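Residues per chain, in single letters:
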Amino acid sequence: MSGTSASLQPPADAVKPVRHPDAPEPGELLGAHYGQCFGCGGEQPHGLHLQARAGEGVSLTAEFTVRREHQGAPGLAHGGILATALDETLGSLNWLLRTIAVTGRLETDFRRPVPVGTVLHLQAEVTAVAGRKIYSTATGRVGGPEGPVAVRADALFIEVKVDHFIDNGRQEEIQAAMSDPDQVRRARAFEVNP
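Report on the accompanying structure. Going along each chain's sequence as written, the residues are numbered from 1 onward. Given that this is a predicted model, residues contribute local features only at a pLDDT of at least 70 and side-chain atom pairs are listed and counted only at 80 or more, while totals for whole chains, interfaces and linings are drawn from all residues. By convention in this description, side-chain values take in all heavy atoms of the structure and omit both hydrogens and water.

**Thoughts on the overall build of the protein**
The cut-off we apply is this: Helix numbers and strand numbers start at the N terminus; a helix is a DSSP run of H or I with at least 4 residues, a strand a run of E with at least 2. Exposure classes here rest on a 1.4 Å probe applied to the protein chains alone. A residue is buried below 20% of its type maximum, exposed above 50%, and partly exposed in between. Residues count as neighbours in contact if any of their non-hydrogen atoms are within 4.5 Å of one another. Each accessible area is a Shrake-Rupley result for a 1.4 Å probe, and residues are judged covered by the shown protein chains and nothing else.
Looking only at helices and strands, one finds 5 helices and 6 strands in the protein. Shown N-terminal to C-terminal, the secondary structure of the protein runs as helices and strands in the order β-β-α-α-β-β-β-β-α-α-α. Split into buried and exposed, the 194 residues of the protein put 45% on the buried side. If you take every contact in the protein between residues at least 6 apart in sequence, the share linking residues at least 24 apart comes to 65%. For the protein, the accessible area works out to roughly 9700 Å², and carbon and sulfur atoms hold 51% of it.

**Quick word on the pairing of strand β2 (residues 59-65)**
Rules: Between any two strands, at least two bridges found by DSSP are needed for them to pair.
Sheet topology note: the strand β1 (residues 51-54)/β2 ladder contains 4 bridges and is antiparallel. Paired with Ala52 across the bridge in β2 is Ala62. By the bridge criterion, 7 bridges tie β2 to strand β4 (residues 119-130) in an arrangement that is antiparallel. Residue Glu63 lies in a different strand from β4, and its bridge partner there is His121.

**Looking at the side chain of Asp154**
The criterion, for reference: Here a polar contact is recorded for every N or O atom pair within 3.5 Å, except that within protein the pair must consist of a potential hydrogen donor and a potential acceptor, and residues adjacent in sequence are included only if both atoms are side-chain atoms.
Looking at the element boundaries, Asp154 is found in strand β6 (residues 149-159). In this structure the side chain of Asp154 is engaged in a polar contact, spanning 2.8 Å, whose partner is the side chain of Thr137.

**Quick look at the environment of Ala153**
By secondary structure assignment, the location of Ala153 is in strand β6. The sequence separation of Ala153 and Thr139 amounts to 14 residues, and the corresponding C-alpha distance is 6.5 Å.

**Examining the packing of aromatic side chains**
This is how the line gets drawn: Geometry of aromatic contacts follows a simple scheme: Phe, Tyr and Trp rings, the Trp one being its six-membered ring, pair when their centres are within 6.5 Å, and the pair is stacked under 30 degrees between planes, edge-to-face over 60, tilted otherwise. We call a charge positioned over a ring when the NZ of a Lys or the CZ of an Arg lies within 6 Å of the ring centre and within 35 degrees of the ring normal.
Enumeration over the complete set of coordinates arrives at 0 aromatic pairs. Across the ring face of Trp95, the terminal group of Arg98 is positioned such that the distance to the ring centre comes to 4.4 Å.

**Side note on the pattern of salt bridges**
Quick note on the threshold: Salt-bridge detection follows one rule: a side-chain nitrogen of Lys or Arg within 4 Å of a carboxyl oxygen of Asp or Glu.
One pass over the structure, following the stated rule, counts 3 salt bridges. Salt-bridge contacts for Glu107 lead to Arg105; the nearest nitrogen and oxygen are separated by 3.1 Å. Glu107 sits in the buried class, given a relative accessible area of 14%. On the basis of relative accessibility, which here comes to 37%, the residue Arg105 falls in the partly exposed class. Asp154 serves as the salt-bridge partner of Arg152, at 3.8 Å between the closest nitrogen and oxygen. We note that Arg152, like Asp154, is buried.

**Here we look at the sheet that holds strand β5 (residues 133-141)**
Worth spelling out the cut-off: Axis geometry follows a simple rule: fit a line to the C-alpha atoms, using only the stretch in contact for helices, then measure angles between N-to-C directions, giving values from 0 to 180 degrees.
On the basis of which strands lie adjacent, the open sheet formed by 6 strands has the order β1-β2-β4-β5-β6-β3 and antiparallel pairing. The open sheet terminates on both sides in strands that have one partner only, identified here as β1 and β3 (101-110). Mean inter-strand twist for the sheet, computed between neighbouring axes without regard to direction, equals 20 degrees. In the packing of helix α1 (residues 79-92) onto the sheet, contacts are made with β2, β3, β4, β5 and β6, and the angle to β6 comes to roughly 50 degrees.

**Section: the nonpolar core**
Filter applied, for reference: Put simply, buried Ala, Val, Leu, Ile, Met, Phe, Trp, Tyr and Cys residues joined by side-chain atoms within 4.5 Å make one nonpolar core.
The biggest cluster of nonpolar side chains holds 36 residues, and the ones touching the most others in it are Leu50, Phe64, Leu90, Val114, Leu120 and Leu122. Secondary structure elements with two or more residues in this core: β1, β2, α1, α2 (94-97), β4, β5 and β6. Leu8, Ala130, Tyr135 and Leu156 belong to the second largest nonpolar core, which has 6 residues in total.

What follows is the structure in structure tokens.
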């Protein structure tokens, strides 16, 4: 990415990311981390409904179809929607580390327009970890997983404790998520929101 800021460059003492032994297997669909999430939740009628699959190492692939509700200019995806798709994809990587983390910084390059009706093919990977900081990168391609790059991003996620969400979220939603009997869904509800 041209002009990537210094805050997105891993420090010299950063280490290679390690996939958690309990992470989903390569090829496994990750599913929504929270039903109301605009990025991946199935309960959001105008959301992205982004679907991510675990890859090898600490990587994943994802797809979402740009719909009419996602327009900026007539017939084209809104840049903020594309940034949201990148952020959601990058945030999903933290599930492979089994770490609760929030977006600290996201820098996006827009390389070509993405028309309504397009399937955006996303690829992301964690590149380094330094203490609580998780560095990652993603690309979004049109016309297939090997098609031309339309958007790309570099990101810095910061590991947090679940208290971050409990202290800052709306209590009704926090309580509903925490009382979910499915332990995995309960844990995933708190994985990527800022």
